[in-house]
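Below, each chain spelled out in residue letters.
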Amino acid sequence: MSPERVFAIANLVAAAAWLLLAVLPRQRWVTTIVTGTAVPAFFAVAYIAIIGSQWGTSSGSFSTLGGVSTLFANPWLLLAGWLHYLAFDLLAGTWEVSDARERDVPHLLVVPCLALTFMFGPAGWLLYNGVRARYRRA
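The model shown is predicted, which means the values in this text are computed figures rather than measured ones. (Residues numbered from 1 in each chain as written. Predicted model: local features only at pLDDT ≥ 70, side-chain atom pairs only at ≥ 80, totals over all residues. Heavy atoms only, no water.)

1. Some words on the nonpolar core
Now for step 1: In this structure, Leu21, Phe43, Leu83 and Val110 are the most contacted members of the largest nonpolar core, which totals 26 residues.
Now for step 2: When residues of this core are traced back to their parent elements, those giving at least two are α1 (3–23), α2 (28–54), α4 (75–103), α5 (107–120) and α6 (122–137).
Now for step 3: Per-element tally for this core: the top contributor is α4, with 8 residues.
Now for step 4: Other than its neighbours up to four places away in sequence, Leu83 contacts Ala10, Phe43, Ala46, Tyr47 and Ile50. (Core = buried A, V, L, I, M, F, W, Y, C linked by side-chain atoms within 4.5 Å. Buried < 20%, exposed > 50% of the residue type's maximum accessible area, 1.4 Å probe, protein only. Helix = DSSP H or I, 4+ residues; strand = E, 2+ residues; numbered from the N terminus. Contact = heavy atoms within 4.5 Å.)

Below, the structure is given as structure tokens:
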């Protein structure tokens with residue numbers, strides 16, 4: 001299977017998981033099983049397989065930005081990096097939904113945070129923390 005094909009499959013799986021978070025926030029099976037375990041585990045297994053098969057095939061490194069750029073010139077390693085983002089952003093979104101559910105933060109306030117977390121990871125997490133702090137005070 002090509003890296004492009006794996007990329008397309010991973011993006012579809014991620015989009016479906018994020019849709020579940022946005023549409024079924026009160027269903028614990030979504031955050032416990034699907035987005036909190038199964039989908040991140042799927043990404044993790046793919047990540048490990050890619051890293052295992054590509055280890056030592058690139059002259060890049062993580063010690064400089066140029067080294068990272070060289071690593072990511074390999075499409076498989078770039079895909080591994082993308083899977084890393086998909087997994088951790090989804091885990092952050094899962095935490096946002098679970099935390100909001102526990103704190104009775106209205107889901108309509110969480111949805112924009114989820115969208116931002118899906119697209120821009122840390123920015124969405126930061127927005128949710130602002131919503132969380134403001135809602136707690138209100």
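Moving on from the model shown.
2. Looking at the packing of α4 against α5
Now for step 1: α5 packs onto α4 with a crossing angle of 170° between their chain directions and a minimal axis gap of 10 Å. The orientation of α4 with respect to α5, classified from their angle, is roughly antiparallel. Of α5, the residues touching α4 (which contributes Asp89, Ala92, Gly93, Glu96, Val97 and Ala100) are His107, Val110, Cys113, Leu114, Thr117 and Phe118.
Now for step 2: Grouping the constituent residues of the contact of α4 with α5 by class yields 7 nonpolar, 3 polar and 2 charged. (Axes fitted to C-alpha atoms, helices over the stretch in contact; angles between N-to-C directions. Parallel < 35°, antiparallel > 145°, perpendicular 65-115°, else oblique. Nonpolar A, V, L, I, M, F, W, Y, C, P; charged D, E, K, R; others polar.)

3. Observations regarding a nonpolar patch on the surface
Now for step 1: A surface patch of nonpolar side chains, amounting to about 480 Å² of accessible area, comprises Leu19, Val23, Leu24, Trp29 and Ile33.
Now for step 2: Elements supplying a minimum of two residues to the nonpolar patch: α1 and α2.
Now for step 3: Its place among the elements puts Leu24 in the loop between α1 and α2. (Patch = residues over 30% accessible without salt bridge, like charges linked within 9 Å, V, L, I, M, F, W, Y side chains within 5 Å. Areas by Shrake-Rupley, 256 points an atom, 1.4 Å probe, with all protein chains shown as cover. Salt bridge = Lys/Arg side-chain N within 4 Å of Asp/Glu carboxyl O.)

4. A short note on the packing of α2 against α4
Now for step 1: Between α2 and α4, whose axes approach to 9 Å, the crossing angle comes to 165°. Classified by the angle their axes make, α2 and α4 are roughly antiparallel. In the packing of α2 onto α4, the handedness of the crossing is left-handed.
Now for step 2: Across the contact of α2 with α4, the residue classes tally to 17 nonpolar, 7 polar and 2 charged. (Left-handed = near helix turned anticlockwise from the far one by under 90°.)

5. Section: the pattern of salt bridges
Now for step 1: For the structure shown, the criterion picks out 2 salt bridges.
Now for step 2: Of the charged contacts in the structure, one is a salt bridge between Arg103 and Asp99, with a shortest N-O distance of 2.9 Å. You can see Arg103 and its partner Asp99 sitting in helix α4, 4 residues apart, about one turn around the helix.
Now for step 3: For the salt bridge of Arg132 with Asp99, the shortest nitrogen-to-oxygen distance reads 2.6 Å. Of this pair, Arg132 sits in helix α6 while Asp99 sits in helix α4; the two residues are 33 residues apart in sequence, bridging distant segments of the chain.
Now for step 4: The class for Asp99 is buried, based on a relative accessible area of 6%.

6. Side note on the side chain of Thr31
Now for step 1: Mapped onto the fold, Thr31 is located in helix α2.
Now for step 2: Within the structure, Thr31 has its side chain in polar contact with the side chain of Arg101 (distance 3.0 Å).
Now for step 3: With sequence-adjacent residues up to four places away left out, Thr31 is seen in contact with Leu21, Gly36, Thr94, Val97, Ser98 and Arg101. (Polar contact = N/O pair within 3.5 Å; in protein donor to acceptor, adjacent residues only side chain to side chain.)

7. Some points on α4
Now for step 1: Taking 1.5 Å of rise per residue, the 29 residues of α4 would be expected to cover 42 Å, and the 42 Å separating its terminal C-alpha atoms lies within 8% of that figure.
Now for step 2: By the N-cap criterion, in which a side-chain oxygen at the helix start approaches the backbone nitrogen of a residue two or three places on, α4 is capped by Asn74, the distance to Trp76 being 2.8 Å.
Now for step 3: Where α4 terminates, the next one or two residues include Asp104, which has phi positive at roughly 60°. (Expected span 1.5 Å × (residues − 1).)

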